[in-house]
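Each chain, written out:
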Amino acid sequence: MVWTAKDIPDQSGRTAVVTGANSGIGYCAARELARRGARVLLACRSETRGKEAVDRLKAEVRGARAGYRHLDLGDLSSVRAFAAGYDGTTLDLLVNNAGVMALPYGTTADGFETQMGVNHLGHFALTGLLLPRLLATPGARIVSVSSGMHAVANVDPGDLNSERRYRRWIAYARSKSANLLFVHELSRRLATAGAGTVAAAAHPGYASTALQTRAARMEKRRTVERVVNLGNRVIAQSADAGALPLLYAATAPGVLPDSFTGPRFQGWRGSPVPSWRAPWTRDDRSGELLWAASEQLTGVRYELPAAG
């Protein structure tokens, strides 16, 4: 069976937060959730781009309930402000989608290496701060967006900030492995606590978005930017298609905790199916170490109920 956006169940009465939803697969996911009746909050770093995305979404989806909320995942004070300002006691869906890829070395406002800081640590903090609302909502889900590139490198919990040596693609792969290892450890903790919230992961394959060209634009590498744009046009699938694994993990019946959904054909393109993942992303000890390091760096402790 080929799963498409038309198969998304009715989302009326549900609220979703989608990070990085001003463009790419985040925007496509937010739009389709709104199309099915969800109230969607587009959590974006840029107020201008975020509000423009809301206006575009409302123009595409008549009667859509959508709004912008400021969120800079590279600044823990912004993450805390977003969680504190969330206007509800329940939350049905948190989509940890925002990310950066293969950037030159830099640090976040809190001194974290940018890719690990935005892709993992910011989302770790956000999820923990919103967890009480998710736990209070029957059927709630947390979906983290990883990448097939996670297979390039494992996480080093003792050097999350790449202080020993920085290689941009290795750092990106580690942050994407961290996304999967986070979902694994969170799923284990939710199960131990007897919570019904499902944490799952997804990846878009090779989807045409602005993510691939950001580093080249920052560094004014015009030739690289042109080559990447050519690949986006010729090889990549659309952002709409890339959003399908995320939407499947977020809405399809029977999605299992700690599952990983990606495109059907070689993990690059096609309809959503279970995706291969590196064995280290299901290692309990590594998950515990990453969790401890993430708590120490962010200062966020998860409030989980006692089992039974």
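In the block above lies the structure referred to throughout.
Note that the structure is predicted; figures quoted are calculated from it, not measured. (Residues numbered from 1 in each chain as written. Predicted model: local features only at pLDDT ≥ 70, side-chain atom pairs only at ≥ 80, totals over all residues. Heavy atoms only, no water.)

### As for the overall build of the protein chain
Next up, step 1: Helices and strands together make up the secondary structure of the protein chain, namely 10 helices and 8 strands.
Next up, step 2: Within the protein chain, buried positions represent 57% of all 308 residues.
Next up, step 3: At a minimum sequence separation of 6, the contacts of the protein chain that also span at least 24 residues come to 76%.
Next up, step 4: Working note: accessible area of the protein chain is about 13100 Å², and carbon and sulfur atoms make up 52% of it. (Helix = DSSP H or I, 4+ residues; strand = E, 2+ residues; numbered from the N terminus. Buried < 20%, exposed > 50% of the residue type's maximum accessible area, 1.4 Å probe, protein only. Contact = heavy atoms within 4.5 Å. Areas by Shrake-Rupley, 256 points an atom, 1.4 Å probe, with all protein chains shown as cover.)

### A word on the pattern of salt bridges
Next up, step 1: Under the counting rule described, the total for this entry stands at 16 salt bridges.
Next up, step 2: Close ionic contact of Arg-301 with Glu-295 constitutes a salt bridge, the shortest N to O distance being 4.0 Å.
Next up, step 3: Looking at Glu-295, the relative accessible area reads 17%, which means it is buried.
Next up, step 4: In the salt-bridge network here, residues are joined through shared partners; they are Arg-31, Glu-32, Arg-35, Glu-60 and Asp-240. (Salt bridge = Lys/Arg side-chain N within 4 Å of Asp/Glu carboxyl O.)

### Points about the packing of aromatic side chains
Aromatic ring pairs: the centre-centre distance and the angle between the two ring planes describe each pair.
Next up, step 1: Tallied over the entire structure, the rule returns 8 aromatic pairs.
Next up, step 2: Taking the centre distance of 5.2 Å and the plane angle of 80° together, the rings of Trp-3 and Tyr-248 count as edge-to-face. Pair noted here: Trp-3 is in the segment before strand 1 (15-19) and Tyr-248 is in helix 9 (residues 244-251), with a separation of 245 residues, a long-range link.
Next up, step 3: For Trp-3, a relative accessible area of 8% gives the class buried.
Next up, step 4: Assessed through its relative accessible area of 26%, Tyr-248 is described here as partly exposed.
Next up, step 5: Between Tyr-105 and Tyr-166 the ring centres are 5.1 Å apart and the planes differ by 75°, which places this aromatic pair in the edge-to-face class. With Tyr-105 in the loop between strand 4 (93-96) and helix 4 (114-135) and Tyr-166 in the loop between strand 5 (141-145) and helix 5 (168-192), this residue pair connects regions lying 61 residues apart in the sequence.
Next up, step 6: Among the aromatic residues, those joined into a ring-pair cluster are Phe-124, Phe-182, Trp-291 and Tyr-302. (Phe/Tyr/Trp six-rings, centres within 6.5 Å; stacked < 30°, edge-to-face > 60°.)

### Side note on helix 2 (residues 47-60)
Next up, step 1: Between the first and last C-alpha of helix 2 there are 20 Å, a value that for 14 residues agrees with the 20 Å anticipated at 1.5 Å per step.
Next up, step 2: If you check which residues of helix 2 are buried, you get Gly-50, Ala-53, Val-54 and Leu-57. Each buried residue of helix 2 lies within a common arc of 100° when the element is viewed along its axis, so the set occupies one face. Across from the buried face of helix 2, at angles greater than 90 degrees, the exposed residues are Thr-48, Asp-55 and Ala-59.
Next up, step 3: Where helix 2 is buried, its residues contact helix 1 (24-35), strand 2 (39-44) and strand 3 (65-70). (Expected span 1.5 Å × (residues − 1). Arc of directions from axis to C-beta.)

### What about the pairing of strand 2?
Next up, step 1: The buried fraction of strand 2 is high, at 5 of 6 residues.
Next up, step 2: One ladder, built from 5 bridges, connects strand 1 with strand 2; its direction is parallel. Residue pairing for strand 2: Ala-16 is matched across the bridge by Val-40.
Next up, step 3: Read as a crossover between parallel neighbours, the route from strand 1 over helix 1 to strand 2 is right-handed.
Next up, step 4: Relative to strand 3, strand 2 is paired through 6 bridges, and the arrangement is parallel. (Pairing = 2+ DSSP bridges. Right-handed = clockwise from strand over helix to strand, strands pointing away.)

### Some remarks on the side chain of Thr-251
Next up, step 1: Within the fold, Thr-251 resides in helix 9.
Next up, step 2: The class of Thr-251 is buried, set by a relative accessible area of 7%.
Next up, step 3: A distance of 2.8 Å separates a polar side-chain atom of Thr-251 from the backbone oxygen of Leu-247.
Next up, step 4: Aside from chain neighbours lying at most four places away, what touches Thr-251 is Trp-3, Ile-8, Pro-9, Gln-11, Leu-33 and Arg-141. (Polar contact = N/O pair within 3.5 Å; in protein donor to acceptor, adjacent residues only side chain to side chain.)

### Description of helix 1
Next up, step 1: Under the 1.5 Å per step criterion, the end-to-end length of helix 1 is 17 Å for 12 residues, consistent within 8% with the ideal 16 Å.
Next up, step 2: Most of helix 1 is tucked away: 10 of the 12 residues are buried.
Next up, step 3: Downstream of helix 1 by one or two residues, Gly-37 has phi in the positive range, about 105°.

### Digging into the layout of surface pockets
Next up, step 1: Approximately 160 Å³ is the volume attributed to the second largest pocket.
Next up, step 2: Every residue lining the second largest pocket is listed: Tyr-248, Pro-253, Gly-254, Val-255, Leu-256, Ser-259, Phe-260, Thr-261, Val-273, Pro-274, Ser-275 and Arg-282.
Next up, step 3: Within the residue set of the lining of the second largest pocket, elements represented by two or more residues are strand 7 (260-265) and strand 8 (269-274).
Next up, step 4: Among the residues making up the lining of the second largest pocket, the classes are represented as 7 nonpolar, 4 polar and 1 charged. (1 Å grid on protein atoms, 1.4 Å probe; cavity = no way out; pocket = protein on both sides within 12 Å on 5 of 7 lines; lining within 4 Å. Points joined across faces, edges and corners; volume = space filled by probe spheres on them. Nonpolar A, V, L, I, M, F, W, Y, C, P; charged D, E, K, R; others polar.)

### Considerations on the sheet that holds strand 1
Where strands meet in a sheet, backbone hydrogen bonds hold them as pairs that are either parallel or antiparallel.
Next up, step 1: Read across the sheet, 8 strands follow the order 3-2-1-4-5-6-7-8 without closing on themselves; strand pairing throughout is mixed. The sheet terminates laterally at strand 3 and strand 8, the two strands that pair on one side only. Ignoring which end each strand starts from, the neighbouring axes of this sheet average 25° apart. (Axes fitted to C-alpha atoms, helices over the stretch in contact; angles between N-to-C directions.)

Keep in mind these numbers describe shape, not what the thing actually does.
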